[in-house]
Amino acid sequence: MQVGKKHPFLSEDKASDHKFYYRNENIENESEDDTMAAKVGIVMGSDSDLPVMSKAAEILDILKIEYDITVISAHRMPDIFFHYAKSAEEKGYKVIIAGAGGAAHLPGMTAAIFPMPVIGVPIMTKSLGGVDSLYSIVSMPGGIPVATVAINGALNAGLLAAKILATSDPELLERIKAYGEGLKDSVLAKADKLEKMGYEAYLKNM
Ligand code: C2R
């Protein structure tokens, strides 16, 4: 279980990129409590999905949300998958983020078993560009919803999970608002730079 920590697979560069979006200095100073139960499960069909799915973990780290992250394939290990999805509610998960590529049945099957929100992340594929994953995840039958983000949209999946949790957590909601303000500030800073430098100089510096 992770809470507000960087994973070993996240480089310091990536972590500092994200710190750019911190607005509220106090967020950094909040205490970490490893004994808290994970509220979000991040699951992916293969470790080859990790470069994408780590973006969901990064934003949860930034927002100080506890999560578990693992690799489980509904296709390749159906018994283990079933146990994971069946025990997820008992484990305390409130949201599951499921990423998969190609014949991406993992998110839909998770939603068939886990009774709370499932967010699907379609992973880009070499053969069909991730449209196969997207259609597999978004085309759920009535009664079994999966909230589907863009192809490789794991950051938004993490943020959406955070927003779901924030409906009953006012402190988290404030952290999400601070993150949003940070995004706005970063665009304003770019606009200011462009206006001052002119587009040609700006382009050369990109
Ligand atoms: P490998 O790179 O391991 O061959 O996997 C994974 O999510 C990955 O994107 C290729 C792709 O297969 C996907 N996969 C699924 C499922 N299990 C693995 N879509 C599943 O159960 O839905």
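Residues numbered from 1 in each chain as written. Predicted model: local features only at pLDDT ≥ 70, side-chain atom pairs only at ≥ 80, totals over all residues.

Take the overall build of the protein next. Along the protein, the regular secondary structure elements total nine helices and five strands. For the protein, buried positions account for 36% of its 206 residues. (Helix = DSSP H or I, 4+ residues; strand = E, 2+ residues; numbered from the N terminus. Buried ≥ 20, exposed ≤ 12 C-beta atoms within 10 Å, placed from the backbone.)

All right, on to the sheet that holds strand β4 (residues 118-123) then. Each strand in a sheet pairs with its neighbour through backbone hydrogen bonds, running either in the same direction (parallel) or in the opposite one (antiparallel). Pairing within the open sheet is parallel, and its five strands lie in the order β2-β1-β3-β4-β5. Whereas interior strands pair on both sides, the edge strands pair on one side only; in this sheet they are β2 (67-71) and β5 (147-148). Pairing of strand β1 (residues 40-44) with strand β3 (residues 95-101), which is carried by five bridges, proceeds in the parallel orientation. Among the inter-strand pairings, M44 is bridged to a residue of β3, identified as G99. Helix α7 (residues 154-166) contacts β1, β3, β4 and β5 of the sheet and is inclined by roughly 165 degrees relative to β3. (Pairing = 2+ DSSP bridges. Contact = placed C-beta atoms within 7 Å. Axes fitted to C-alpha atoms, helices over the stretch in contact; angles between N-to-C directions.)

Lining the immediate surroundings of the ligand are 17 residues, of which G45, S46, S48, S73 and G101 lie closest. In terms of residue class, the shell around the ligand is made up of seven nonpolar, eight polar and two charged. (Near = placed C-beta within 6 Å. Nonpolar A, V, L, I, M, F, W, Y, C, P; charged D, E, K, R; others polar.)

Another point: the environment of Y179. Note that Y179 resides in helix α8 (residues 170-197). Sequence separation between Y179 and L159 is 20 residues; the distance between their C-alpha atoms is 9.9 Å.

Here α8 contains 28 residues, and its C-alpha end-to-end distance of 41 Å stays within 8% of the 40 Å for a straight helix at 1.5 Å per residue. The complete set of buried residues in α8 reads R175, I176 and Y179. At the exit of α8 stands G198, carrying a positive phi of roughly 85 degrees. (Expected span 1.5 Å × (residues − 1).)

For residues with low pLDDT, the predicted coordinates do not support detailed interpretation. Scored by pLDDT, the protein has a mean of 87; 83% of the residues are at 70 or more. Segment residues 4-34 is flagged for pLDDT under 50; beyond a separation of four residues in sequence, or across chains, it makes 37 contacts in the model. (pLDDT = per-residue confidence, 0-100.)

Taken N-terminus to C-terminus, the directions of α7 and α8 make an angle of 140 degrees; their axes are 8 Å apart at the nearest point. For the crossing formed where α7 meets α8, the hand is left-handed. Residues A162, K163, L165 and A166 of α7 touch α8, and the partners they reach there are L172, L173 and I176. Class assignment of the residues belonging to the contact of α7 with α8 gives a composition of six nonpolar, no polar and one charged. (Left-handed = near helix turned anticlockwise from the far one by under 90°.)

Attention now goes to the nonpolar core. One finds V40, I42, A56, L60, I96, I97 and A162 to be the most contacted residues of the largest nonpolar core, which totals 49 residues. A total of seven residues in this core trace back to one element, the largest contributor, which is helix α3 (residues 50-62). Those residues in contact with A56 that lie beyond four places of it in its chain are I42, I97, A154, L155, A157 and G158. (Core = buried A, V, L, I, M, F, W, Y, C linked by C-beta atoms within 7 Å.)

As a packed pair, α3 and α7 sit with axes 7 Å apart at the nearest point and diverge in direction by 35 degrees. α3 and α7 meet at a crossing whose hand is right-handed. The segment α3 lies against α7, with V52, M53, K55, A56, I59 and L60 engaging A154, L155, A157, G158, L159 and A162. When grouped by side-chain class, the residues that make up the contact of α3 with α7 number 10 nonpolar, one polar and one charged.

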